[in-house]
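Observations on the model geometry
Chain by chain, the residues:
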Amino acid sequence: MKGGVCEIVRVPSDAFAAGERRCRRRGRRGHCGVEFWNVFLTVFATPNKAFPTVSAWPTMSAAMRETPPTRVAVAQMTSTRDVEANLRCAAELCARAKEKRCHAIFLPEAFACVGASKKDADDVAESIADGPVVRRMKSLAREHGLWISCCVAERCEEEAQAGKRYNSHVMVSSSGDVHGDTYRKIHLFDADVPGGAVLRESEYTAPGTSLTTHEVPGLGVVGASICYDLRFPDVYQALRFERGADVIVVPSAFTKKTGAAHWETLLRARAIETQCY
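Rules behind the numbers
- Residues numbered from 1 in each chain as written.
- Predicted model: local features only at pLDDT ≥ 70, side-chain atom pairs only at ≥ 80, totals over all residues.
- Heavy atoms only, no water.
- Helix = DSSP H or I, 4+ residues; strand = E, 2+ residues; numbered from the N terminus.
- Buried < 20%, exposed > 50% of the residue type's maximum accessible area, 1.4 Å probe, protein only.
- Areas by Shrake-Rupley, 256 points an atom, 1.4 Å probe, with all protein chains shown as cover.
- Right-handed = clockwise from strand over helix to strand, strands pointing away.
- Contact = heavy atoms within 4.5 Å.
- Salt bridge = Lys/Arg side-chain N within 4 Å of Asp/Glu carboxyl O.
- Axes fitted to C-alpha atoms, helices over the stretch in contact; angles between N-to-C directions.
- Parallel < 35°, antiparallel > 145°, perpendicular 65-115°, else oblique.
- Left-handed = near helix turned anticlockwise from the far one by under 90°.
- Nonpolar A, V, L, I, M, F, W, Y, C, P; charged D, E, K, R; others polar.
- Phe/Tyr/Trp six-rings, centres within 6.5 Å; stacked < 30°, edge-to-face > 60°.

1. Regarding the overall build of the chain
- The number of helices and strands found in the chain is seven helices and 13 strands.
- Within the chain, the proportion of its 277 residues that are buried is 52%.
- Here the chain has roughly 12,700 Å² of accessible surface; of this, 51% comes from carbon and sulfur atoms.

2. Things to note about the pairing of strand E4 (residues 70–76)
- With six of seven residues buried, E4 lies mostly within the body of the structure.
- Once the chain exits E4 it traverses helix H3 (residues 83–99) before rejoining the sheet at strand E5 (residues 104–106), and the crossover so formed is right-handed.

3. Points about the side chain of Arg165
- You can see Arg165 is positioned in strand E7 (residues 165–172).
- Contact partners of Arg165, with chain neighbours within four places excluded, come to Ala121, Ala125, Ala153, Glu154, Arg155, Cys156, Tyr204, Thr205 and Ala206.

4. Concerning the pattern of salt bridges
- This model, assessed by the stated rule, comprises nine salt bridges.
- With a closest N to O distance of 3.1 Å, Glu84 and Arg136 form a salt bridge. Of this pair, Glu84 sits in helix H3 while Arg136 is found in helix H5 (residues 132–144), placing the two residues 52 residues apart along the sequence.
- Classification of Glu84 by relative accessible area gives partly exposed; the value is 37%.
- Between Asp192 and Arg200 there is a salt bridge, with the nearest N and O atoms lying 3.0 Å from each other.
- One connected set of salt bridges, linked through shared partners, spans Glu109, Lys185 and Glu201.

5. Side note on the packing of H3 against H5
- Close contact between H3 and H5 brings their axes to 10 Å; oriented N to C, the two are set at 20°. By the angle between their directions, the pair H3 and H5 is classed as roughly parallel. You can see that H3 and H5 cross each other, and the crossing is right-handed. In this structure, H3 uses Glu84, Leu87, Ala90, Ala91, Cys94, Ala95 and Lys98 to contact H5, whose residues at the interface are Val133, Arg136, Met137, Leu140 and His144.
- Its residues placed into classes, the contact of H3 with H5 shows eight nonpolar, one polar and three charged.

6. Here's the deal with the side chain of Glu154
- You can see Glu154 is positioned in strand E6 (residues 147–155).
- Apart from the residues lying within four places of it in its own chain, the contact partners of Glu154 are Glu126, Ile128, Arg165, Tyr166, Ser168, Thr182 and Arg184.

7. Brief notes about the packing of helix H6 (residues 233–242) against helix H7 (residues 256–274)
- Direction vectors running N to C along H6 and H7 enclose 40°, while the axes themselves pass 10 Å from each other. In this structure, H6 meets H7 at a crossing whose hand is right-handed. The residues of H7 that touch H6, namely those facing Pro233, Tyr236, Gln237, Arg240 and Phe241, are Arg270, Glu273 and Thr274.
- Grouping the amino acids of the contact of H6 with H7 by side-chain chemistry returns three nonpolar, two polar and three charged.

8. Observations regarding the packing of aromatic side chains
- Inspection of every chain in the model, using the stated rule, returns three aromatic pairs.
- Relative to Phe232, the ring of Tyr228 has its centre 5.6 Å away and its plane inclined at 75°; by these criteria the two rings are edge-to-face.
- A connected cluster of aromatic rings, assembled from ring pairs, spans Phe189, Tyr228 and Phe232.

9. Overview of unusual backbone geometry
- Backbone geometry places Ala110, a non-glycine residue, at a positive phi of 55°.
- Assignment of secondary structure puts Ala110 in the loop between E5 and helix H4 (118–124).
- Of note, Cys227 is a non-glycine position whose phi angle comes to about 45°, a positive value.
- Note that Cys227 resides in the loop between strand E12 (220–224) and H6.

10. Observations regarding the environment of Ala73
- When you line up the elements, Ala73 lands in strand E4.
- Exposure remark for Ala73: the relative accessible area of 0% places this residue in the buried category.
- Through-space distance from the C-alpha of Ala73 to that of Arg101 is 9.3 Å; in sequence the pair is 28 residues apart.

Taken by themselves, the reported measurements are silent on function.
Encoded structure:
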């Protein structure tokens, strides 16, 4: 997808690409027979900056029309409980993004670990300041000169939230520093999926309380949201109209059933409401 000052490039992992091929052979779109996908990641962009409509072109300056678009990578991967394998996959996707001359890469929710139990979640919880996943992302950002958007299981330090973690979005600058504030997922996914899993994210995750944006050079103001937030329009209204987000990211690990039924519909709804693409 390309236009104005932004171009989005997909960088799927080999495992994800193989799943897509299986789907095509079966005549199916989207899901490839797994209970969870952490491959969903959508980037919304406002039409007057990143993806101008035909009517928006006359309002853009000549300099903007002539400026080569900033290229960003949207990573897709099928993560497992094997953290090290997932991090190696993320490193490979960062390398591919660099080869494609991307300025930034956006990784999915739970890219470092898709666990099967509360213990799995506890095992990967870390400090944003010096945790192993964040350290690896910092190193990759410096190595490839990329801005990296990623989600991390952040250990709760507050006594009232002992034993829980935050589902946090972290932006790492191309110099390898954590940029700005961490966004902690506000809306937690508690649901009984008909014919599927019973999910209680609130049993091991504490909710965040505030929204976050990041000023990324060459890209604009990036607003953060995570997965189940997508069902709450006020999040995107606030990011777009109150905080001036030019780009809104939605890294997600939707379930197979809810993803097939609602993912694209909800994305379209949020995009229409905020006049984004």
